[in-house]
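Structural overview for review
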Amino acid sequence: MIELENLTRQYVKGTATTDVLNGVSFRVEKGEFVAIMGASGAGKTTLMNILGGLDKPTSGTYRLEGLDMTRAGDDELSRIRNRKIGFVFQQFHLLDRVDAMQNVMLPLIYADGNVDGRAAAASALAAVSLTARAHHRPAELSGGEQQRVAIARALVTGPVILLADEPTGNLDARNGLEVLAIFQRLHREGRTLIMITHDPVVAEHARRLIVLKDGRSVSDQPVGQPRDAEAELRRMAGDAPGVQ
Amino acid sequence: MHFSRNAALSCQILAAHPLRTLLSMAGVVVGVAAVILMVSIGRGAEQRILDRIGRMGTDLVTVNAAPARLMMGRQRTVATVTTLTAGDARAIAEGCPHVVAAVAAVNKSLVVRWEGTNTTTSVVGMAADGFRIRNIPLASGRPFEADEDHGQRRVAVLGPTVVKNIFGTANPVGQEIRIGRVPFEVIGTTRPRGIDANGADQDDMALVPLDTAMRRLLNIPYIQTIYIQARSSRWMDDVEREVRELLRERQRLPEGRPDTFTIQNQKTLLLTERETARAMTRLIGGVAGIALLVGGVGILAVMLMAVRERTHEIGLRRALGARPRDVRVQFLVEAVLLAGVGGLLGVAAGIGATHAAAALAAWDALVSWPAASLAFAFSIAVGVAFGIYPALRASRLEPIQALRSD
């Protein structure tokens, strides 16, 4: 579904040139759960931006479901971002003066056709078990709940792929595990996910691990023994009885 | 983009930041209200002039026995000349075909006394039909008649300011007063008439018969003023011409010598005043329009601030699929919403201010709906014009940069 061939990305500032990506190539098939790991400066975020159509590579090709994203115009990329890609950010990026339901409905404003916004949003919220909190504002939600709203927002247009950039970076251990549990459930339901992280423990919840170093992929292996987030959550609850 | 859904969301976001929203609207509200208030004040002034025209009648021509100079847009007589007589008034009435009646008058400032109080006022000696020709309405009592004039009877009709000054709240009719040293009986009072076209207070005067004034009070053979009633306001210029010819002939003025009198055509006088008032209205309306423009600058400034504060939101919308055009439209719509709501509030405030000003100054509240609609439309235009730049700035933000910013 995703084909990257020899992707490079250079930033030029005055006379200084920085090579952030130096020839990245891999393929992701439908239904895979991939983690991309690397130290900061290794090019993870740049790769994520290119995968999400927010940036274009300096050279190389990127195909999403057969479409050459490197040749797509600005308007077309916007449409593809809206229909086919769901973003989950480290800082959640929710609108703080409107409630969860309206946050989830936001992508639908830019969608074609007459989708029943409320119904689609309600079902997305149900998928992340937040139906009860649909009319609360972000300030009234915990960090984990906010990120779950963001995930519901990413799902609402029925995208073919979910891109998550350090999704647990701003969350504590428990909330982080809740988010990973949702990712693993979505994966079991057949969704394709790509997750960026610097944390090897988080990466081990995916099924395949690509490691970037100096703008290149230096390792691309399946995860030997993937962790089970739900099991870890149950263990956490068991270790501290009475704590909800 | 789903326009109405996004507009509804914009309304919510704007409402959730009340301070920022009100600040951006403030200039427009004040500007629109100012335009409406200024124009209504101007129109009120015009209306009052028209009322005066209506009250005084536009068929009155006044001859004053002195050459006049134009001072500050009003005619002022400069020297006293003793060339007009009561005979001139009779000659005008008989000899000018477009004249219905001519009333002679004299005036002098004298002291009027009653039971210990006194006041100085303008004592006007006038032929009896002056009440009719000059449209002088009575509040109580009766005017004097022609035979009282010929008989040099000592009767007087007082203006409301004189009544207030020496009688207070007592009823003056039937009382005896002294004008100069001569006793008079008060037979009537006039209703308030305000200030005339020359700036004279028509309420601070005492009317007595012409012959009484000329023989018993002032002892003069000449008169100062002739009030002439034209057949209708159509003939004003003809009357002016006929009277001038007749008087120059009677005084044997050769060609080239200037008039020893001044003819005032009430109609042109007041119409000139009305034109001045109209020009004033346009001027202050224009100044208020500038205020509205400044209000637009307010929208510009606050929207730029808003764009900066909402950088995350803009980056997010782009990441979720908004095209640059969608962002532009969104912010432009928000600017128009701000200007439109501001305009409506301004119209309401302007109408309120107009009524308040009218109540305070005892005028009629004259809201000009064309001016209000124009001001409102202008406020929308201002919203669009000053909203374009912030909208462009917003649409040009790079999504990655926008998401990353603080």
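The next point concerns the overall build of chain B. Counting secondary structure elements, chain B contains 13 helices and twelve strands. Going through the 406 residues of chain B one by one, you find that 39% of them count as buried. The contacts in chain B between residues at least 6 apart in sequence include a share of 82% that link residues at least 24 apart.

Below, the discussion takes up the nonpolar core. Among the nonpolar cores identified, the biggest contains 117 residues, and V104 and A152 of chain A together with V32, V35, I36, I299 and A335 of chain B are the most heavily contacted of them. It is helix 2 (residues 18-56) of chain B that contributes the most residues to this core, 13 residues altogether. Ranked by size, the runner-up nonpolar core spans 53 residues in total, among them L84, C96, I166 and V186 of chain B.

Attention shifts here to the interface of chain A and chain B. With 19 residues of chain A at the contact, the number on the chain B side is 21 residues. Counting residues per element, the side of chain A that touches chain B draws most heavily on helix 2 (residues 74-84) of chain A, at six residues. Of the residues assigned to the side of chain A that touches chain B, the class counts are eight nonpolar, five polar and six charged.

All names here are of chain A. With respect to topology, six strands assemble into an open sheet ordered 6-7-8-3-9-10, the strand pairing being mixed. Here the strands that pair on one side only, and so sit at the sheet edges, are strand 6 (85-88) and strand 10 (216-222). Shown here is a sheet whose adjacent strand axes are inclined to one another by a mean of 15°, direction ignored. Seen against the sheet, helix 6 (residues 173-188) touches strand 3 (33-37), strand 7 (161-165) and strand 8 (192-197) and runs at an angle of roughly 150° to strand 8.

Residue and element names in this part refer to chain A. Within the secondary structure, G31 is located in the loop between strand 2 (16-28) and strand 3. For G31 and E189, which are 158 residues apart along the polypeptide, the C-alpha to C-alpha distance reads 8.7 Å. When residues no more than four places from it in sequence are discounted, the contact partners of G31 are G190 and T192.

It is worth spelling out the packing of helix 9 (residues 266-309) of chain B against helix 12 (residues 369-395) of chain B at this point. Residues and elements named next belong to chain B. Where helix 9 meets helix 12, the closest approach of the two axes is 9 Å, and the angle between their N-to-C directions is 30°. As far as their axial angle goes, helix 12 and helix 9 are roughly parallel. In this structure, helix 9 meets helix 12 at a crossing whose hand is right-handed. Partitioning the contact of helix 9 with helix 12 into residue classes produces 17 nonpolar, six polar and one charged.

What follows concerns the sheet that holds strand 2 of chain A. All names here are of chain A. Taken in spatial order, the four strands line up as 2-1-4-5 in an open sheet, and their pairing is antiparallel. The open sheet has two free edges, formed respectively by strand 2 and strand 5 (67-68), since each of these has just one partner strand. Examined bridge by bridge, strand 1 (residues 2-13) and strand 2 share ten bridges and lie antiparallel to one another. Looking across to strand 2, one finds that Q10 is bridged to D19. Sheet contacts for helix 1 (residues 44-51): strand 1, strand 2 and strand 4 (59-64); angle to strand 2, the most-contacted strand, approximately 60°.

Attention now goes to the pairing of strand 1 of chain A. Residues and elements named next belong to chain A. Between the antiparallel neighbours strand 1 and strand 2 lie two residues, among them G14 with a positive phi of about 65°. For strand 1 and strand 4, the ladder comprises five bridges, and the chain directions are antiparallel. In the strand pairing of strand 4, L4 is matched with Y62.

What follows concerns helix 4 (residues 117-127) of chain A. Residues and elements named next belong to chain A. Every buried residue of helix 4 is accounted for by G117, A120, A121, A124 and L125. Down the axis of helix 4, the smallest arc covering the buried residues is 135°, so these residues share one side. Summarising the geometry of helix 4, the exposed residues directed more than 90 degrees from the buried face are A119 and A126. Against helix 3 (100-105) and helix 5 (143-155) lie the buried residues of helix 4. Following helix 4 by one or two positions, S129 has its phi on the positive side, about 60°.

Once that is clear, we can look at the confidence of the model for chain A. Per-residue confidence for chain A gives a mean pLDDT of 89; residues scoring 70 or more make up 97%. Least confident of the elements in chain A is helix 8 (residues 229-239) of chain A, whose mean pLDDT is 84; most confident is helix 5 of chain A, at 94.

Before going further, it helps to spend a moment on the pairing of strand 8 (residues 176-179) of chain B. Residue and element names in this part refer to chain B. Burial of strand 8 is one-sided: the residues I177 and I179 facing one way are buried, the residues E176 and R178 facing the other way are not. Bridging between strand 4 (residues 99-114) and strand 8 involves two bridges; their strand directions are antiparallel. In the sheet register, V112 faces strand 8, and the bridge partner there is I179. Linkage of strand 8 to strand 9 (residues 182-190), two consecutive antiparallel strands, is achieved through a turn of two residues, within which G180 is found at a positive phi near 60°.

Definitions and cut-offs
Residues numbered from 1 in each chain as written. Chains lettered and ligands numbered in written order. Predicted model: local features only at pLDDT ≥ 70, side-chain atom pairs only at ≥ 80, totals over all residues. Helix = DSSP H or I, 4+ residues; strand = E, 2+ residues; numbered from the N terminus. Buried ≥ 20, exposed ≤ 12 C-beta atoms within 10 Å, placed from the backbone. Contact = placed C-beta atoms within 7 Å. Core = buried A, V, L, I, M, F, W, Y, C linked by C-beta atoms within 7 Å. Nonpolar A, V, L, I, M, F, W, Y, C, P; charged D, E, K, R; others polar. Pairing = 2+ DSSP bridges. Axes fitted to C-alpha atoms, helices over the stretch in contact; angles between N-to-C directions. Parallel < 35°, antiparallel > 145°, perpendicular 65-115°, else oblique. Left-handed = near helix turned anticlockwise from the far one by under 90°. Arc of directions from axis to C-beta. pLDDT = per-residue confidence, 0-100.

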